[in-house]
Amino acid sequence: MQKSDPRWRRFWQNLIWFVATVVALILLLRFLRSPVVLVALWGVGVVWGGLLAYKLSQILFGADQLAAGDERSRIYLDQAVDYKAKIKKAVKSTSDSAGHVDPGQLTDQIDGLTGAIEALVDRIGSLRRNEVIRRDLQAVPQAIKDLEARLASESDATISAQLERTLANRQKQLESLKTLQNTIKRAEIQIESTLSQLGTIYSQLLTGQSTSHVADYNRLSADVDEEVRLLQDHLEALREVKLDEE
């Protein structure tokens with residue numbers, strides 16, 4: 001839970017107003033004993049209380065998703081740093097034993113590869129934490145349901161036309177959000193694929209099958225370049241999403 005999260009601030013503000021309203025209605029009912037006040041108290045408790053419960057579940061569910069994403073990012077970075085150190089050590093060892101292969105190019109490429117992973121993980125984290133995106137992912141689907149219900153019961157042609165336009169805009173917004181989510185998922189899958197490739201490179205170096213032959217070394221170098229290119233493609237796709245702070 002983040003104290004700076006504006007959703008929590010809004011939730012606590014609404015909760016305070018809810019409690020104050022309920023207390024005021026209870027006191028009013030005690031003095032007036034009016035059925036109107038009783039109905040108002042019941043309505044506030046059910047509608048407003050239910051809305052607060054719904055908002056709380058959204059916040060907590062979103063926090064769980066964010067925490068899970070942060071944990072995945074930490075694992076990605078830890079694995080990348082670990083492979084980087086081990087591959088550099090293995091490159092030096094196998095190159096020394098082979099005697100005719102310069103390890104500089106591959107180690108530089110590994111630096112570039114892990115740097116690309118770090119940049120992509122950082123961008124994914126920024127998108128996950130963006131307050132507008134997180135809010136819209138929760139609010140837009142509900143807004144679409146509400147608009148569909150209002151449209152179904154609306155008899156005025158002018159209002160129906162306005163509702164249809166608003167609904168179409170909301171549906172486009174939802175499609176954009178889904179596209180963004182899918183782009184993030186594809187980027188994470190690419191990171192996992194790249195980490196797997198790093199593991200393969202490390203195992204090949206340990207068996208001495210890569211740097212002992214120039215042809216194998218060149219193939220390994222080309223594989224690393226391809227992984228960097230794929231990571232950069234995903235990073236550019238996510239950079240096209242402009243955040244508020246940019």
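Just so we're clear, the structure is a prediction, and the values are computed from it rather than from any experiment.

The rules behind each value
Each chain has its residues counted from 1, following the order in which its sequence is written. The model is predicted, so local features are restricted to residues of pLDDT at least 70 and side-chain atom pairs to those at 80 or more, both for listing and for counting; the totals for chains, interfaces and linings are taken over all residues. Only heavy atoms go into the side-chain values, all of them from the structure, while hydrogens and water stay out. Here a helix means four or more residues in a row that DSSP labels H or I, a strand means two or more in a row labelled E, and each is numbered from the N terminus. Each residue is placed in one exposure class: buried if its accessible area under a 1.4 Å probe, protein chains only, is under 20% of its type's maximum, exposed if it is over 50%, and partly exposed if it falls in between. Any two residues having at least one pair of non-hydrogen atoms within 4.5 Å are treated as being in contact. Values of accessible area rely on a 1.4 Å probe in the Shrake-Rupley scheme; residue burial ignores everything except the protein chains shown. Think of a salt bridge as a Lys or Arg side-chain nitrogen and an Asp or Glu carboxyl oxygen that are within 4 Å of each other. Among the buried residues, those of types Ala, Val, Leu, Ile, Met, Phe, Trp, Tyr and Cys that are joined through side-chain atoms within 4.5 Å form a nonpolar core. Confidence per residue, as judged by the predictor, is encoded in pLDDT with a range of 0 to 100. Here a helix's expected span is defined as the number of its residues, less one, multiplied by 1.5 Å. The definition of a polar contact used here is a pair of N or O atoms within 3.5 Å, where within protein one atom must be able to donate a hydrogen and the other to accept one, and adjacent residues in sequence count solely through side-chain atom pairs. A patch is a set of surface residues, each over 30% in relative accessible area and not in a salt bridge, joined within 9 Å for like charges and within 5 Å for the nonpolar side chains Val, Leu, Ile, Met, Phe, Trp and Tyr.

A. A look at the overall build of the protein chain. Assigned secondary structure in the protein chain consists of six helices and zero strands. Going from the N terminus to the C terminus, the protein chain shows its helices and strands as α-α-α-α-α-α. Across the 246 residues in the protein chain, those meeting the buried criterion constitute 33%. The long-range share in the protein chain, meaning contacts at least 24 apart out of those at least 6 apart in sequence, stands at 77%. Summed over its atoms, the accessible surface of the protein chain is roughly 14800 Å², and 58% of this surface lies on carbon and sulfur atoms.

B. Quick look at the pattern of salt bridges. One pass over the structure, following the stated rule, counts 11 salt bridges. Members of the salt-bridge network, linked through shared partners, are Glu71, Arg74 and Asp78.

C. Structural detail: the nonpolar core. Core analysis: the biggest nonpolar cluster contains 28 residues, and Ile117, Leu120, Ile191 and Leu238 have the highest contact counts within it. At nine residues, helix H3 (residues 104–129) tops the list of elements feeding residues into this core. Excluding residues that lie within four positions of it along the chain, Ile117 makes contacts with Ala80, Ile191, Thr194, Leu195, Leu198 and Leu231.

D. Summary view of the confidence of the model for the protein chain. Residues of the protein chain with pLDDT of at least 70 account for 80%, and the chain-wide mean is 80. Mean pLDDT in the protein chain bottoms out at helix H2 (residues 35–98), which sits at 75, and peaks at helix H5 (residues 157–206), which reaches 91. The low-confidence segment residues 97–101 (pLDDT under 50) makes nine contacts with residues lying over four places distant or belonging to another chain.

E. Representation of H5 within the structure. Relative to the 74 Å expected for 50 residues at 1.5 Å per residue, H5 spans 73 Å between its end C-alpha atoms, a close match to the ideal helical length. One side-chain oxygen of the residue at the start of H5 lies 3.0 Å from the amide nitrogen of Thr158, identifying that residue as Asp156.

F. Summary view of a nonpolar patch on the surface. A cluster of nonpolar side chains, Val19, Val23, Leu27, Leu28, Phe31 and Leu32, forms an exposed patch at the surface whose accessible area comes to about 580 Å². With respect to the helices and strands, Val23 occurs in helix H1 (residues 6–32). A relative accessible area of 43% places Val23 in the partly exposed class.

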